[in-house]
Amino acid sequence: MGVFEAPSNVTGHEQVVFCQDKESGLKAIIAIYSTALGPALGGTRFYAYANEDDAVYDALDLSKGMAYKNALAGLDLGGGKAVIWGDPATDKSEPLLRAYGRFIETLGGRYITACDVGTYVQDMDVIAKETSFVTGRSSDHGGAGDSSVLTAWGVVCGMRAALQHRFETTSFAGRTVGIAGVGKVGRYLVPHMIEEGAEVVATDIAPQAKKWLAENYPQVTFVDSTQELITSNIDIYAPCALGGALDDDTVAQLRASIVVGSANNQLAHPGVEKLLQDRGILYAPDYLVNSGGVIQVSDEIEGFNFDRAKRRASQIFDITQTILRTADAENVSPAVAADALAERRIADCGRIRTIYLGKN
């Protein structure tokens, strides 16, 4: 798949950069969807893709989602994403990460990176040895630390908004939440749900996840597969692993009446949002409710303050309510309503940035 031949739902990018350093084994793709609102901020995913086409598609798809996410979050930042093609367990090294940092530096600030699947705070500290355009660093270096903290908090806020919209209450009492993936974000979401009084059912492909739950939260019911989770008697389904969690078969079998989760790009293909709407399942768009993480790392740009970042992330409740009400009023899915609001902000504020300031 060539970049110019990508599917229509992931086209329109400003720039796509292929990076290679043979000595360290680095093979990376940096995709910048839009800088209309500011530098493109988005994490770096380190993943063992089956082939180059899959890596390219993921970079394109995720970077577009970041542009919409940053726009809805009210950030003056564009959208970008990067993927490193490889197995982080065996291929990640200091030389590889530093080589990658050098490539980010060549973009002169058009792209700012952060953590994603397969990359962590300590990796950002290594990348920062070669570039200043990196967020999500450790607190020892003045950073925000693990962005999963406020990502999970934002998902909680999105769930509360969805409960309010569907049941006219923000209470989780008597509700069962099914969490698919208790890794980065799900690990923080579980205790939030327990504190809120919800019953929790969870699944994860990693054996250590089951062990972690049993040792720390024995009250959580663990099931062996996502299939078993989605057909369980749950009220809220929270996809918190990789993308594509919602496809035709999943929507047809899903017993939950609400979907709110942290995974990026949950809709497997265009049209799934209509399937959810037709089944009466309330879907809060992923890039809306999982924006707490990007709000957290973007706060580093001003000098990180956790309380300020959490206040900003708490606004996800209000934005989600607005999207859900708009969707009802216009008889469209929340995904369509969210896209329209994001595109409007990118267009309106991006246009203002074209006004000539007379500076060299």
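Predicted model only: the values in this text are computed from it and were never measured. Position labels on residues start from 1 in each chain and follow its written sequence. Note on the predicted model: pLDDT of at least 70 is required for a residue's local features to be given, and 80 or more for side-chain atom pairs to be given and counted; whole-chain, interface and lining totals, by contrast, use all residues. The side-chain quantities take in all heavy atoms of the structure and omit both hydrogens and water.

J.: I'm lost on the overall build of the protein in this one. Help?
T.: Numbered from the N terminus, helices here are DSSP runs of H or I no shorter than four residues, and strands are runs of E no shorter than two. Within the protein one finds 15 helices and 12 strands. Here the globule rule reads 2.2 Å times residues to the power 0.38, and the radius of gyration is calculated from C-alpha atoms. In terms of overall size, the protein behaves like a compact globule, its C-alpha atoms giving a radius of gyration of 20 Å where 360 residues would be expected to give roughly 21 Å. Its C-alpha atoms give the protein principal-axis dimensions of roughly 60 × 45 × 40 Å. Counting over 360 residues, the protein shows a buried share of 53%. Any two residues whose heavy atoms approach within 4.5 Å are treated as being in contact. When contacts within the protein are restricted to residue pairs at least 6 apart in sequence, long-range pairs at least 24 apart make up 66% of them. Only protein chains enter the area calculation, which uses a 1.4 Å probe; residues under 20% of their type maximum are buried, those over 50% are exposed, and those in between are partly exposed.

J.: When you look at the pairing of strand β8 (residues 199-203) in this model, what are you seeing that I'm missing?
T.: For a regular strand, side-chain orientation follows a simple rule: the groups alternate between the two sheet faces. Here β8 lies mainly inside the structure; 4 of its 5 residues are buried. Two strands pair under a simple rule: DSSP has to find at least two bridges between them. The pairing of strand β7 (residues 176-180) with β8 spans 5 bridges and is parallel. Of the residues in β8, the one forming a bridge with Ile179 is Ala202. Viewed with both strands pointing away, a crossover whose connecting path from the first strand over the helix to the second turns clockwise is right-handed. What joins β7 to β8 is helix α6 (residues 186-195), and the crossover it makes is right-handed. Sheet analysis places β8 next to strand β9 (residues 221-222), joined by 2 bridges and oriented parallel. Within β9, the position partnered with Val201 by the bridge is Thr221. Note that the unit made of β8, helix α7 (residues 207-216) and β9 has a crossover that is right-handed.

J.: What am I meant to see in helix α5 (residues 148-167) here?
T.: At 3.6 residues per turn, the α-helix brings residues three or four places apart onto the same side. The end-to-end C-alpha distance of α5, which contains 20 residues, comes to 28 Å, matching closely the 28 Å that a straight helix rising 1.5 Å per residue would cover. Most of α5 is tucked away: 14 of the 20 residues are buried. Multiply 1.5 Å by the residue count of a helix minus one, and that product is the helix's expected span.

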